[in-house]
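Chain by chain, the residues:
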Amino acid sequence: MSTPTIPRHMQRDRFAPVPETQAARDEDDLPTIRTAIGTPARLVTRYADVREVLGDAERFSNEGLPRLPMPDDGVDPRAGNLLAIDPPEHTRLRRLLTGEFTVKRIRRLEPRITEIVDDHLDAMAAAGRQAARSEAELTRRRPYTDLVSAFALPVPSLVICELLGVPYADREEFQGRATRQIDLSLPLEERGRVAAESRAYMGELVDRAWSAPGDDMLGMLIREHGDDLTRSELIGIASLLLIAGHETTANMLGLGTLALLRAPDQLAHVRDEPGAVAPAIEELLRYLSVVHSGIPRLARHDTTVGGRPVREGELLVLSLPAANRDPAATDHPDDLDVTRAIAPHVAFGHGVHHCLGAPLARAEMAVAFPALLRRFPGLALGIPFDEVEFRSATVVHGLRALPVTW
């Protein structure tokens, strides 16, 4: 079995891309790197260049990319995967889904998001008390928990489960599969098998929903667009939304909390000023850039990117963290500053493939961050910062755990 090394564009120095990746912005050419499956690719790091590639589906394609080795189960692995198809097929599928992710529709979910957040904060507080044997001990030893497993991961998982109609009782199973699918330290063959298992699970949910469509998104798609979607497309749509809908937001909540704990004045600003929350979320999205690159692009023909030549068929990997820290786009880009005017960023991508779930992710963070910080005003790291373990080999950047006290 082949176990890939961590590609250069995924290597991080805690919150930041490694210096070698950032330095590529100043190079006269697009450096050649190796992807996670060993394919050569050109690395794009400048903010303007990343937007150029993401914004031009005519010159740069999402189709025909190298794929994980997977068992043949008769289901087209591209079907329904919005990240793996180009217009006009992409346009057709995205149009069917856009209504579920409008700002207006997401606002209707906010009371339920608030309830989910409050329930998990209550559970955190209760668990912290139970960890101490007496009230007297609470005065000597502060409550202690892992914020990732107690809050950051389960909150978006429950939201996306309810949105899609996935049984929350299955969360540990699908979370485990999702984590293994994006873990590049695992052999390619194992990740391919896990992806097939995940697709088989989603197939069962789709078949169940087809027999009795509910009020969730899968049920809506079947009732309103069942004649326009194949079973394979529904499986692909559900699989993508399930993984993307909890992995990205969960890691933003974990990493974002850690970043704020490292900047107490900025944490207090987010906690105490309601109007500061939305700009702070945009700054955290820019500063953290939890998605390393999104889907690579293939050049459809000989062209240029930022004036630098690219040949037909060359693969382009886009470093979103490097682009979001480009000095040409933002002053003092390596500093976290939640009070700055909202800086441009590509944390959600750009162009036709701009993240469909961005309004949902923003809504979850807008509820979760201030609720957490106000509920536990004494929130602090439970271990030294140098001992915090970052995930070093996953498609989505994050933390393995975040021990906290309050």
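Residues numbered from 1 in each chain as written. Predicted model: local features only at pLDDT ≥ 70, side-chain atom pairs only at ≥ 80, totals over all residues. Heavy atoms only, no water.

**Student:** Describe in detail the overall build of the protein chain, supporting the description with residues and values.
**Tutor:** Looking only at helices and strands, the protein chain features 15 helices and 14 strands. Its C-alpha radius of gyration of 21 Å places the protein chain within 12% of the 22 Å reference for a compact globule of 406 residues. Taking the principal axes of the C-alpha coordinates as reference, the protein chain spans close to 70 × 55 × 45 Å. Considering only contacts in the protein chain between residues 6 or more positions apart, those separated by 24 or more positions represent 73%. In the form shown here, the protein chain has an accessible surface area of approximately 17500 Å², with 51% of it arising from carbon and sulfur atoms. A gap of 2 Å separates the mean positions of the 47 positive and 59 negative side-chain charges of the protein chain. (Helix = DSSP H or I, 4+ residues; strand = E, 2+ residues; numbered from the N terminus. Rg over C-alpha atoms; globule rule 2.2 N^0.38 Å. Contact = heavy atoms within 4.5 Å. Areas by Shrake-Rupley, 256 points an atom, 1.4 Å probe, with all protein chains shown as cover. Lys, Arg positive; Asp, Glu negative; His and termini not counted. Charge placed at Lys NZ, Arg CZ, Asp CG, Glu CD.)

**Student:** Report on the pattern of salt bridges, specifying residues and quantitative values.
**Tutor:** Overall, the coordinates contain 22 salt bridges when judged by the stated rule. Notably, a salt bridge pairs R340 with E283, separated by 3.1 Å at the nearest N-O pair. Taken together, the residues R340 in the loop between α14 (320–324) and α15 (358–375) and E283 in helix α13 (residues 277–288) connect sequence positions 57 residues apart. For R340, a relative accessible area of 15% translates into the label buried. E283 sits in the buried class, given a relative accessible area of 3%. By sharing partners, the salt bridges in this structure join D29, R42 and E314 into a single network. (Salt bridge = Lys/Arg side-chain N within 4 Å of Asp/Glu carboxyl O. Buried < 20%, exposed > 50% of the residue type's maximum accessible area, 1.4 Å probe, protein only.)

**Student:** Kindly report on the sheet that holds strand β7 (residues 297–299), identifying the contributing residues and their values.
**Tutor:** Read from one edge of the open sheet, 5 strands run β3-β4-β10-β7-β5, paired in mixed fashion. Only two strands of the sheet have a single neighbouring strand rather than two, namely β3 (32–34) and β5 (60–61). Looking at chain direction, strand β4 (residues 40–44) and strand β10 (residues 315–318) are connected through 3 bridges and run parallel. Bridge pairing in β10 places V44 opposite L318. (Pairing = 2+ DSSP bridges.)

**Student:** How would you sum up the nonpolar core? Please name residues and give values.
**Tutor:** Within soluble globular proteins, side chains that are nonpolar generally end up buried alongside one another. Ranked by size, the top nonpolar core spans 88 residues in total, and within it F15, V117, F151, M217 and L288 carry the most contacts. Per element, the largest residue contribution to this core is 13 residues, and it comes from helix α11 (residues 231–261). When near neighbours in sequence (up to four residues on either side) are disregarded, M217 contacts L97, E100, F101, L163, L164 and L241. L30, L54, V310 and L318 belong to the second largest nonpolar core, which has 15 residues in total. (Core = buried A, V, L, I, M, F, W, Y, C linked by side-chain atoms within 4.5 Å.)

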